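A look at the structure
One letter stands for each residue in the lines below.
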Amino acid sequence: MIKTLLGSLREYKRGSILTILLSILEAAFEILIPLRMADLIDQGIDLGNMAAVWKFGIAILIFAALQLLTGVLSAHIAAKTSVGFSANLRQDMYDNVQTFSFSNIDKFSTASIVTRLTTDVTNTQNSFANIIRGMIRGPLMLICAVIMAVSINAQLSLIFLVAVPVLGSALAVIAVKAYPRFQRMLDQYDSMNASVQEDLVGIRVVKAFVRSDHESEKFRQAATKLQQAQKKAERLLIVNMPLMNFVIYACMIAVSWFGGRQIIAGSMLTGEFFSFLSYLMQTLTSLMMISMNFVGLVMARASV
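Let me sum up the structure you'll find in this document. These numbers come from a predicted model, not from an experiment.

1. Quick word on the packing of aromatic side chains
Here the structure, examined in full by the defined rule, presents three aromatic pairs. Each ring, one from F273 and one from F274, has its centre 5.6 Å from the other, and the planes form 75°; the classification is edge-to-face. In this structure F274 comes out as partly exposed when scored by relative accessible area, which is 41%.

Below you can see the structure in the form of structure tokens.
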């Protein structure tokens, strides 16, 4: 299935590759900033060395500007590429529908085909944009930030061993439980589209036999079922954000407590602490980015 979908990329393959490369560069510049920040504090501010402050301060500004530039370019190219991909995919699907026999059309139904060409393609488009940008940048930042944090203070890095498995397990449970709910939600889209199609095709008959109230009630029931199915699916996904915030602030409190004690004991420098805290935030931010993209992937999986 993935191979079939990628066949619709065509002229947008170069844009996809360029987005991935720019996302990698963006993550690399973001990873380098806390290192220079630690040097600025330990070698410049603490020692009163203004030459070092200027040196590392300018380096931080350069890295921040390069991160901004690569981030803007990757977001722009990712949006353009994903929209082009969805246009090609929609055209390929439409061309394929034109080859259907009457038995095929009866099997899929017009309402189902309309949903496939609209809602499902849009979900796939959003998921593709997240993959070539967020799902490249997020895991790369996660790995690099953890490595840098371990290199600064291996003892404090044990906090990651608690946070990452908790979030990973929660995401796995959400994915398994949410996928069938989104499949049922898409089935309700088909029912609602079928109701709309019937009303539009037979609108003269509906008016002639004064059936507008009946058709309105029929549409309202289909819309209500879709609403209930979507609520049931989204209700599970919203657990992700509170859990994420709980883990983030718990980790910050733990690092501040144990890191502060190490600074008082003289086994950790102030700059190293702030650098470690930055890498902690990058790790947890990348986890949040992965989890948000993961939610999109769960929704798009049913569409795909």
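2. Let's talk about helix α10 (residues 240-265)
In a regular helix each residue adds 1.5 Å, so 26 residues correspond to 38 Å; α10 covers 38 Å between its end C-alpha atoms and thus fits that length. Looking only at α10, the buried set comprises N240, M244, V247, I248, C251, V255, G259 and Q262. In the stretch just after α10, G266 is the one whose phi turns positive, near 85°.

3. Re a positive patch on the surface
A contiguous patch of positive charge, built from R184, K231, K232 and R235, is present on the exposed surface. Sort the elements by how many residues they give to the positive patch and helix α9 (residues 212-237) lands first, with three residues. Note on placement: K232 falls in helix α9. Under the relative-accessibility criterion, K232 is labelled partly exposed at 40%.

4. Considerations on the packing of helix α7 (residues 158-201) against α10
Packing of α7 against α10 leaves a shortest axis separation of 10 Å and a crossing angle of 175°. Judged by the angle between their axes, α7 and α10 are roughly antiparallel. Contact residues: α7 offers I159, A163, V166, L167, A170, L171 and I174, while α10 offers N240, L243, M244, V247, C251, A254 and V255. Split by residue class, the contact of α7 with α10 holds 13 nonpolar, one polar and no charged.

5. Overview of the packing of α7 against α9
Geometrically, a packed helix pair is captured by the angle between its two axes and the distance between the axes. Contact geometry of α7 with α9 gives a least axis separation of 8 Å together with a crossing angle of 165°. In terms of orientation, α7 and α9 fall into the roughly antiparallel class. By crossing handedness, the relation of α7 to α9 is classed as left-handed. Of the residues contributing to the contact of α7 with α9, the split by class is 15 nonpolar, four polar and 10 charged.

Conventions used here
- Sequence positions are assigned chain by chain, starting from 1 and proceeding in written order.
- This being a predicted model, a pLDDT of at least 70 is required before a residue's local features are given, and a value of 80 or more before pairs of side-chain atoms are given or counted; all residues contribute to the totals for chains, interfaces and linings.
- Excluding hydrogens and water, the side-chain values take into account all heavy atoms of the structure.
- What counts as a ring pair is set by centres within 6.5 Å for rings of Phe, Tyr and Trp (its six-membered ring), and what kind of pair is set by the plane angle: stacked under 30 degrees, edge-to-face over 60, tilted for all other angles.
- Only protein chains enter the accessibility calculation, which uses a 1.4 Å probe. A residue is then buried if its area is under 20% of the maximum for its type, exposed if over 50%, and partly exposed in between.
- Runs of E in the DSSP output that reach at least two residues are strands. Runs of H or I that reach at least four are helices, and both are numbered from the N terminus.
- What a helix is expected to span follows from its residue count: subtract one and scale by 1.5 Å.
- Within the patch definition used here, like charges are joined within 9 Å and nonpolar side chains (Val, Leu, Ile, Met, Phe, Trp, Tyr) within 5 Å, considering only residues with over 30% relative accessible area and no salt bridge.
- Accessible areas in this description were obtained via Shrake-Rupley with a 1.4 Å probe; residue shielding takes into account the shown protein chains only.
- We count a salt bridge whenever a side-chain nitrogen from Lys or Arg sits within 4 Å of a carboxyl oxygen from Asp or Glu.
- Asp and Glu count as negative and Lys and Arg as positive, but His and the ends of the chain are not part of the count.
- Every charge is mapped onto a representative atom, which is NZ of Lys, CZ of Arg, CG of Asp or CD of Glu.
- Each axis is a line fitted through C-alpha atoms, taken for helices only over the stretch in contact, and angles between the N-to-C directions span 0 to 180 degrees.
- Angle categories are assigned with fixed cut-offs, so that under 35 degrees is roughly parallel, over 145 is roughly antiparallel, 65 to 115 is roughly perpendicular, and the rest are oblique.
- In this description, contact between two residues means that some pair of their heavy atoms is separated by no more than 4.5 Å.
- Residues are grouped as follows: Ala, Val, Leu, Ile, Met, Phe, Trp, Tyr, Cys and Pro are nonpolar; Asp, Glu, Lys and Arg are charged; every other residue, Gly included, is polar.
- By convention, the crossing between two helices is left-handed when the near helix turns anticlockwise from the far helix through less than a right angle, and right-handed when the turn is clockwise.

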